[in-house]
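Spelled out, the chains give:
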There are 2 protein chains.
Amino acid sequence: MLDYPALAALSEILRRGSFEGAAAALGVTPSAISQRIKGLEERMGEVLIQRGPPPRGTQKALRLVQHLDQVRLLEQALDPDAPKATLRIAVNADSLATWFPPVMTALPVLYDLVIDDQDHARDWLRQGQVSAAISSDPNPVPGCDVTPLGHMRYHAMATPEFIARHFANGVNATTLGAPAVIFNEKDAAQSRWAQAATGQRVHPTGHMIPSSEGFARAVELGLGWGMIPEAMARPPLAHLNAHLPLDVPLHWHVQRAMRPALAPLSRAIKQRAAAELRP
Amino acid sequence: MLDYPALAALSEILRRGSFEGAAAALGVTPSAISQRIKGLEERMGEVLIQRGPPPRGTQKALRLVQHLDQVRLLEQALDPDAPKATLRIAVNADSLATWFPPVMTALPVLYDLVIDDQDHARDWLRQGQVSAAISSDPNPVPGCDVTPLGHMRYHAMATPEFIARHFANGVNATTLGAPAVIFNEKDAAQSRWAQAATGQRVHPTGHMIPSSEGFARAVELGLGWGMIPEAMARPPLAHLNAHLPLDVPLHWHVQRAMRPALAPLSRAIKQRAAAELRP
């Protein structure tokens, strides 16, 4: 068996950013923490923490901490009075800004949310650094189950003034040169919609605002046009084309070993997705 | 002089994530893009792009792109009809969720916002990867000017039910063991408030929700207590101690060379901060 008190020390160091913080949290001395880590590193045959400040965990350390969280979550299913386990999951920003938060009450854990970055969500799942993920990617990750949740609907929107100024001649490859608002460099929603709207490859450019609400505020302020989740589509925003929504599929990926422990959360997610998302 | 068409190619490749996207945006062939990058790499004597997919820029490449954006911004001050320049700035998440967005209309540029991560904002400024930053750090970065903006006020809040359940015996080092909501591992607001409230070193633990609105939603859903910006403090949230706010200073850091070009934005930021922040 692994040395679980040592894993707990490792987890607290990374979570709190210092050996002292971990010692205070666990009620032991900093030197006891150092000894546990040293023992664990000897056992594993590799360095687990790059001494800082702040101390940083190696990839192996992150996997060990994730394993500890999983064991604690499984223990919690046996013993409801056990200390709360931490559940690390990846969620895409627009889900977190709209339908997702209430499902968190379904499971009595401490959540550690990672804002999904499509590409990283798959790596994190594969390496065991997150236990589950909500992602638009339908492809199962080895060792994980995937459940389709439905579609998040987006509309291309801007202020009426912005539309009058930039789209008086309609929406076409030329007028779509108007500034867009883009979540980050991986956000293809604007390009995909522009291609659907024009039948041509269009590369919208504009402001990069990597926050769901900051994004919507920027569009409301007339800085550009952008794809707005249906749940956030409200005046003063107006449609570029109300008949052409963009539906983005969402999927719930769960590590197979965690499936039983996460069952109440998975149920809540499926129910809420059925109510809030498009089929 | 640097080869500006080559810098433009570099910028588009990194912004669009492909040589093809850059070629389409600039109206040239992909092989012309490759040649420009090859020439630039020879001139610089180092590799600038790690071929992907997606292609990734080296640190040097990011500095060159930032330099290009700065030159474009300075050109724009000479010629208002010049194509819009991109302005990369770091902003802390709570400012972006509250008072910051309207100031963006003060300058006709394309914004590329980076959510401030305190530590990185300083590095980015120093390396010229952002032109300016809003940060709680008062220490000037070499080559940058810093202006204090006032204080963002936070209150320790939770739902009335959460307070009744966890703080019936008052707020002390023991009851503050109740789950907190924490932005990310660098977020010290809860610890600082707990120390001010109890006079002891307390290390709150709980949910990690790295999104300003997701954070507030988690507190509203009763998942934990957390430090809520004054502008977002509303029912159903209630105070743990209404007489003990936490005031976090904010500062506007601007690269000295960019100061003239950014003057309208700096003015708007100072005006809005004076109206929306605490002195």
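Calculation rules
Residues numbered from 1 in each chain as written. Chains lettered and ligands numbered in written order. Predicted model: local features only at pLDDT ≥ 70, side-chain atom pairs only at ≥ 80, totals over all residues. Heavy atoms only, no water. UniProt positions renumbered as here; feature names shortened; annotations may be inferred. Helix = DSSP H or I, 4+ residues; strand = E, 2+ residues; numbered from the N terminus. Domains from an automatic or database assignment. Buried < 20%, exposed > 50% of the residue type's maximum accessible area, 1.4 Å probe, protein only. Contact = heavy atoms within 4.5 Å. Phe/Tyr/Trp six-rings, centres within 6.5 Å; stacked < 30°, edge-to-face > 60°. Least-squares fit on C-alpha atoms with pLDDT ≥ 70 in both. Pairing = 2+ DSSP bridges.

- Looking up chain A in an unreviewed UniProt entry gives the name LysR family transcriptional regulator, chromosome initiation inhibitor, with the organism given as Paracoccus laeviglucosivorans.
- UniProt, in the comment section headed Sequence similarities (unreviewed entry), describes chain A in these words: "Belongs to the LysR transcriptional regulatory family."

**Describing the UniProt feature "domain: HTH lysR-type" (unreviewed entry) in chain A**
Part 1: As annotated by UniProt and renumbered to match this structure, "domain: HTH lysR-type" (unreviewed entry) occupies residues 2-58 of chain A.
Part 2: Strand forms 7% of residues 2-58 of chain A and helix 63%; the C-alpha atoms that close the span are 17 Å apart.

**A look at the domain arrangement of chain A**
Part 1: Partitioning chain A into structural domains gives domain 1 (1-57) and domain 2 (151-247).
Part 2: On a C-alpha basis, the centres of domain 1 of chain A and domain 2 of chain A stand 47 Å from each other.

**Some words on the environment of A:Arg256**
All names here are of chain A.
Part 1: Tracing the backbone through its elements, the reader meets Arg256 in the loop between strand 11 (246-255) and helix 10 (263-276).
Part 2: A residue is classified by how much of its surface remains accessible, and Arg256, at 45% relative accessible area, is partly exposed.
Part 3: Residues Arg256 and Arg122 lie 134 residues apart in sequence; the distance between their C-alpha atoms is 14 Å.
Part 4: Not counting residues up to four positions away in its chain, the partners in contact with Arg256 are Gly143, Cys144 and Asp145.

**Looking at the packing of aromatic side chains**
The relation between two aromatic rings is expressed through the spacing of the ring centres and the mutual angle of the planes.
Residue and element names in this part refer to chain A.
Part 1: Going through the model one piece at a time under the given rule, you end up with six aromatic pairs over all chains.
Part 2: Ring geometry for Trp99 and Phe100: centres 5.9 Å apart, planes at 80°, overall edge-to-face.
Part 3: On the basis of relative accessible area, Phe100 is assigned to the buried category, the value being 0%.
Part 4: Residues Trp193 and Trp225 carry aromatic rings whose centres are separated by 5.6 Å and whose planes lie at 55° to one another, so their mutual orientation is tilted. In this pair, Trp193 sits in helix 8 (residues 189-198) while Trp225 sits in the loop between helix 9 (212-220) and strand 9 (226-229), placing the two residues 32 residues apart along the sequence. By the burial criterion, Trp193 is buried, and Trp225 matches it.

**Quick word on the relation of the copies chain A and chain B**
Part 1: Screw-axis analysis of chain A against chain B gives a translation of 0.0 Å along the axis, an RMSD of 0.0 Å, and a rotation angle of 180°. Taken together, the rotation and translation relating the two chain copies correspond to the operation of a two-fold axis.
Part 2: A high fraction, 100%, of the interface residues of chain A reappear at the interface in chain B, so the copies pair face to face through one surface.

**Details of the pairing of strand 4 (residues 110-115) of chain B**
Residues and elements named next belong to chain B.
Part 1: Counting buried positions over the six residues of strand 4 gives five, a clear majority of the element.
Part 2: By the bridge criterion, six bridges tie strand 3 (residues 86-91) to strand 4 in an arrangement that is parallel. Residue Ala90 lies in a different strand from strand 4, and its bridge partner there is Val114.

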